[in-house]
Amino acid sequence: MHIEINTTMSEFKKYARGRHYSEVASSGRPQNKRQRTNEKTKFHRKISIGSINTTTTKDPLKLAQCIMQCKTLNHSITFIQETHMCGKNTIEFEKDPELSGWKFIYSGLKCKASAGVGIALSPDAKLVDYDDSILDGRILLVRVILHGIRISAFCAYAPTEKYADSTKENFFSTLSAAISKVKKKYPSYKILVGADMNATIGNDAYGPWSHLGPNNDEFETNDNGNRLLRLSEENNLFILNSLYQLKAIHRHTWYSPTDFSKRLDYILAEFHIKKLCSNCRVYRKASVPFETNHRLLTMSCSFPSKRNQKQFFSKASKPTKPRKISPLCIMIQLFQKIFLVN
């Protein structure tokens, strides 16, 4: 079943101006900066994918405002957590010319306005199918084709630290099993996860985990953080917003009323998408229209054109070849062993 929202631009602008700001903020990146191109990126397409906890999107005008901001930022896919929308459905903005072609797929609890996850798709992202029965209000899977690249996109909202260990274990085990199942069933689709994991990963975790980068908080890793690290290792998913050295204001995604901040939201991806990613950081100014205490986390990618995709993915999937040793090097090694023994 599809729902149509008839939201005019005058109502949207009135709603935007009537709140605690006067205009809809745009991206923090300068628009007049020319993109540098070279032979490697000449035939590539710039892609942006975002993830944010909106606290609620029950109000249709608030939802239209969030989707409008996604369009302003040129986001192809946007993961939205804590929608507080009941049931499961697909919303198409057909009657609004400004949002024509956009879709919002969400999954929530049956009766309670709590939790809830959703994915906003631009007209560039061709929807193949979706699965909203993995875990109601917590996990949503959408399979799309974005400029020729097949992606299995998971939107997840993890229980907070206050929940029982059994609840948290059920969430992370269900998500891990769903990722493994999709990998086996659709091997050509690349895994991408945008989630509010309510997890803190500190500098004490850097080192033994191969899919974690050096950009972490100064706080101690909590229980959800350890579970997230195990999830990334089991499914070979890189934590993208930990790979790039950034300031704290570009890393922290949640701000408390007392101005305390830390990182709770994450974007995870397989090696192929990680290789295409050039940055993954928080944009504070772009987060204003979402009206939330979270900040928008955005990953910037450079997708190869269709003429180069086959060559790119074939190179990325091949294992590294062993280095050939010349006969001269073998003779030198033998002489070294003989002289060292004697």
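In what follows, the structure referred to is the one given above.
Residues numbered from 1 in each chain as written. Predicted model: local features only at pLDDT ≥ 70, side-chain atom pairs only at ≥ 80, totals over all residues. Heavy atoms only, no water.

(A) Structural view of the environment of Ile-145. Relative to the assigned elements, Ile-145 resides in strand β8 (residues 139–146). For the pair formed by Ile-145 and Ala-125, sequence separation is 20 residues and the distance between their alpha carbons is 5.8 Å. Leave out the neighbours within four places in its chain, and Ile-145 touches Asp-124, Ala-125, Lys-126, Val-128, Arg-150 and Tyr-189. (Helix = DSSP H or I, 4+ residues; strand = E, 2+ residues; numbered from the N terminus. Contact = heavy atoms within 4.5 Å.)

(B) The arrangement of the environment of Thr-200 in detail. Structurally, Thr-200 is set in the loop between β10 (190–196) and α4 (223–235). Classification of Thr-200 as buried rests on a relative accessible area of 3%. As a C-alpha pair, Thr-200 and Asp-265 span 65 residues in sequence and 9.1 Å in three-dimensional space. The residues touching Thr-200, leaving out its near neighbours within four places in the chain, are Asp-217, Phe-219, Glu-220, Thr-221, Asn-222, Gly-225, Lys-262, Arg-263, Leu-264 and Tyr-266. (Buried < 20%, exposed > 50% of the residue type's maximum accessible area, 1.4 Å probe, protein only.)

(C) Spotlight on the pairing of strand β7 (residues 125–135). For β7 and β8, the ladder comprises seven bridges, and the chain directions are antiparallel. Bridged to Leu-127 within β8 is Val-144. Counting the residues that bridge the hairpin from β7 to β8 gives three residues, and of these Gly-137 lies at a positive phi of roughly 75°. (Pairing = 2+ DSSP bridges.)

(D) Focus on the sheet that holds β10. Spatial ordering of the open sheet is given by β7-β8-β9-β10-β14-β11, a layout of six strands whose pairing is mixed. Lying at the two open borders of the sheet, with one neighbouring strand each, are β7 and β11 (238–239). Strand direction decides the pairing type here: β11 and strand β14 (residues 265–269), joined by two bridges, are antiparallel. Directly across from Ile-239, in β14, lies its bridge partner Leu-268. Relative to the sheet, helix α3 (residues 165–185) contacts β7, β8, β9 (149–157) and β10, its axis offset from that of β9 by approximately 170°. (Axes fitted to C-alpha atoms, helices over the stretch in contact; angles between N-to-C directions.)

(E) Region of interest: α3. Taking 1.5 Å of rise per residue, the 21 residues of α3 would be expected to cover 30 Å, and the 30 Å separating its terminal C-alpha atoms lies within 8% of that figure. The complete set of buried residues in α3 reads Lys-168, Phe-171, Phe-172, Thr-174, Leu-175, Ser-176, Ala-178, Ile-179 and Val-182. Those residues of α3 hidden inside the fold are in contact with β7, β8, β9, β10 and α4. (Expected span 1.5 Å × (residues − 1).)

(F) Geometry of the nonpolar core. Formed by 34 residues in total, the largest nonpolar core has its most connected members in Leu-192 and Met-299. Broken down by element, this core gets its largest block of residues, five residues, from β9. Those residues within four positions of Leu-192 in sequence are excluded, and the remaining contacts are Ile-49, Phe-79, Ile-151, Ser-152, Ala-153, Phe-154, Ile-267, Leu-268, Ala-269, Ile-273 and Met-299. (Core = buried A, V, L, I, M, F, W, Y, C linked by side-chain atoms within 4.5 Å.)

(G) Spatial organisation of the packing of aromatic side chains. Under the definition given, this model contains five aromatic pairs. Relative to Tyr-189, the ring of Tyr-186 lies with its centre 5.9 Å away and its plane at 75°, an arrangement referred to as edge-to-face. Exposure remark for Tyr-189: the relative accessible area of 9% places this residue in the buried category. Site record: aromatic cluster; members linked through ring pairs are Phe-219, Trp-254 and Phe-260. Over the ring of Tyr-189 we find Arg-143, and its NZ or CZ is 4.7 Å from the ring centre. Cation over ring: Lys-274 sits above Phe-238, and NZ or CZ is 4.9 Å from the ring centre. (Phe/Tyr/Trp six-rings, centres within 6.5 Å; stacked < 30°, edge-to-face > 60°. Lys NZ or Arg CZ within 6 Å of the ring centre and 35° of its normal.)

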